[in-house]
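# Fold and geometry: a report
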Amino acid sequence: MEIASAASPSSSPANRPPLVILNPAANQGRMQRHRALVRQRAAAIGADYCETARPGEAEELARAAAGQGRPIVIVGGDGSVHEAVNGILSSGQRVPLGIIAAGSGNDFACNTLGLPRRPEAAIEHAFDGKPRAVDAGQANERYFANSFSVGLDADIAAGARQLKKIPFMTGMRLYYSSTVRQLLLGYRQCPWLRFSLEPANLEAPPAETFQRYVLLAVTNGPTYGSGFRINPEADASDGLLDLCTIHYAPLGRALRLFPVVKRGQHASLPEVHFYRIQRLTIESRLPLNAQMDGEVFHGQRFEVTVLPQALLVRY
């Protein structure tokens, strides 16, 4: 990794321009336009510019920069944003984050925050937008900007990582293909889970009871998985996370319900329940996949907590 720096070496950390981090693997490596525009803007304002060479590097760079009180601009998809957010929040510093959406999904940037997809407009927001406070989430020791979930959708996220290797497999095509494959080949592996939440809700199942679920999905915004409207009423500035639970149903019904859930029209389905929460504990009978902002993790017990107004994002 090489940092191209135009900043004065005598400038103090508080006065230095942002660190700009670009993920060259985003958008299946088709980053030429973003690279040219972002490097031009970084050079014009004397910002440090770097490109990552491996997973986890954006998190390390963001943590170091935030520890110095420096703003950060991240160029990539939801996974890149996930790394930047973990770097900032683990630093203990509250610094502005600019996001230039350049991935296959961009749910947090475009669907939750309403940031533009066009690179020129996104650059203006990321460098010159006013910092506004938005919520974040924490699941065990990791942070997430937009989503955490277990069940079918986490398995879909794991499958999507494999399908990304196929040319032109991006965005909705990628997640739709992974969803159909998982429904047909892995649906009967839906997990047995139990959960408890705060504030307590009388409509929630007893915390000691294991039940079979298609998924438990916690989001900061209305969509995940490149536009699936899983929690249509979610608001990233209300100090709460939104939880959607979908009980197990036969595969034939699940296939019919898939497009309904995608459109966010599933509130009236008997298998579906929504909650607004501050904290959630999930336990599984067996270890299983979990996804945070599209990144796949593994575990058997998860403690999920909202972090109200923890992030400063340039709009």
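One structure accompanies this document, and this report is about it. (Residues numbered from 1 in each chain as written. Predicted model: local features only at pLDDT ≥ 70, side-chain atom pairs only at ≥ 80, totals over all residues. Heavy atoms only, no water.)

What follows covers the overall build of the protein. Per the secondary structure count, the protein includes eight helices and 14 strands. Relative to its length of 315 residues, the protein is compact, with a C-alpha radius of gyration of 20 Å against a globular reference of 20 Å. Overall, the protein is about 60 × 40 × 30 Å in size when its C-alpha atoms are taken along their principal axes. When the 315 residues of the protein are sorted by exposure, 56% land in the buried category. A separation threshold of at least 6 residues defines the contact pool for the protein, and within that pool the share at least 24 residues apart is 74%. In the structure as shown, the protein presents an accessible area of about 13700 Å², 51% of it carried by carbon and sulfur atoms. With 33 positive and 28 negative side-chain charges, the protein shows a separation of 6 Å between the mean positions of the two kinds. (Helix = DSSP H or I, 4+ residues; strand = E, 2+ residues; numbered from the N terminus. Rg over C-alpha atoms; globule rule 2.2 N^0.38 Å. Buried < 20%, exposed > 50% of the residue type's maximum accessible area, 1.4 Å probe, protein only. Contact = heavy atoms within 4.5 Å. Areas by Shrake-Rupley, 256 points an atom, 1.4 Å probe, with all protein chains shown as cover. Lys, Arg positive; Asp, Glu negative; His and termini not counted. Charge placed at Lys NZ, Arg CZ, Asp CG, Glu CD.)

Evaluation of the coordinates by the stated rule reveals six aromatic pairs. For the ring pair Tyr-187 and Tyr-248, a centre distance of 5.2 Å and an interplane angle of 20° mean the geometry is stacked. On the criterion of sequence distance, the pair formed by Tyr-187 in the loop between α7 (171-186) and β9 (192-198) and Tyr-248 in the loop between β11 (241-247) and α8 (251-262) is long-range, its members being 61 residues apart. When its relative accessible area of 1% is taken as the criterion, Tyr-187 is described as buried. With 6.0 Å between their ring centres and 65° between their planes, Phe-195 and Tyr-213 make a pair best called edge-to-face. Note that Phe-195 is positioned in strand β9 and Tyr-213 in strand β10 (residues 211-219), a separation of 18 residues in sequence. Positioned above the aromatic ring of Trp-192, the side-chain terminus of Arg-285 is 4.7 Å from the ring centre. (Phe/Tyr/Trp six-rings, centres within 6.5 Å; stacked < 30°, edge-to-face > 60°. Lys NZ or Arg CZ within 6 Å of the ring centre and 35° of its normal.)

All right, on to the nonpolar core then. Core analysis: the largest hydrophobic core is formed by 32 residues, its most contacted members being Ile-21, Ile-72 and Ile-99. Where this core is concerned, the elements lending two or more residues are β2 (19-22), α2 (57-67), β4 (72-76), α3 (78-91), β5 (96-101), α4 (107-112), β6 (131-139) and β14 (295-314). Every residue in contact with Ile-21, bar those within four places of it in the chain, is listed here: Cys-50, Thr-52, Ala-58, Leu-61, Ala-62, Ile-72, Val-73, Ile-74 and Val-75. Grouped together as the second largest cluster of nonpolar side chains are 23 residues, Phe-195, Tyr-213, Val-218 and Leu-241 included. (Core = buried A, V, L, I, M, F, W, Y, C linked by side-chain atoms within 4.5 Å.)

Take helix α1 (residues 32-45) next. With 14 residues, α1 should reach 20 Å at 1.5 Å per residue; the first-to-last C-alpha distance of 20 Å fits that figure. Within the sequence span of α1, burial applies to His-34, Val-38, Arg-41 and Ala-42. For α1, the buried positions fall inside an angular range of 100° around the axis, keeping them on one side. Residues of α1 that are exposed and angled more than 90 degrees away from the buried face: Gln-32, Gln-40, Ala-43 and Ala-44. In the core, the buried residues of α1 are packed alongside β2, β3 (48-51), β4, β5 and α5 (119-128). One or two steps after α1, the chain reaches Gly-46, where phi turns positive at roughly 75°. (Expected span 1.5 Å × (residues − 1). Arc of directions from axis to C-beta.)

With that out of the way, let us pick up a nonpolar patch on the surface. Taken together, Tyr-176, Val-180, Leu-184, Leu-185 and Leu-255 make up a surface patch of nonpolar side chains, about 480 Å² in accessible area. Of all the elements, α7 adds the most residues to the nonpolar patch, at four residues. (Patch = residues over 30% accessible without salt bridge, like charges linked within 9 Å, V, L, I, M, F, W, Y side chains within 5 Å. Salt bridge = Lys/Arg side-chain N within 4 Å of Asp/Glu carboxyl O.)

This part is about the packing of α2 against α3. With their axes 7 Å apart at the nearest point, α2 and α3 run at an angle of 35° to one another. Relative to α3, α2 is oriented so that their crossing is right-handed. Judged by residue contacts, Glu-57, Ala-58, Glu-59, Ala-62, Arg-63, Ala-66 and Gly-67 of α2 engage Glu-83, Ala-84, Asn-86, Gly-87, Ile-88, Ser-90 and Ser-91 from α3. Within the contact of α2 with α3, the residues separate by chemical class into five nonpolar, five polar and four charged. (Axes fitted to C-alpha atoms, helices over the stretch in contact; angles between N-to-C directions. Left-handed = near helix turned anticlockwise from the far one by under 90°. Nonpolar A, V, L, I, M, F, W, Y, C, P; charged D, E, K, R; others polar.)

A word on the pattern of salt bridges. It is possible for side chains of opposite charge to pair when their charged atoms get near one another. Applying the stated criterion across every chain, the model contains 15 salt bridges. Linking Arg-33 and Glu-120 is a salt bridge whose minimum nitrogen-to-oxygen distance equals 2.7 Å. Pair noted here: Arg-33 is in helix α1 and Glu-120 is in helix α5, with a separation of 87 residues, a long-range link. Judged by relative accessible area, which is 47%, Arg-33 ranks as partly exposed. Its salt-bridge partner being Arg-253, residue Glu-271 comes within 2.4 Å of it at the nearest N-O pair. Of this pair, Glu-271 sits in the loop between α8 and β12 (272-277) while Arg-253 sits in helix α8; the two residues are 18 residues apart in sequence, bridging distant segments of the chain. Counted as one network, the salt bridges with shared partners bring together Arg-194, Glu-283, Arg-301 and Glu-303.

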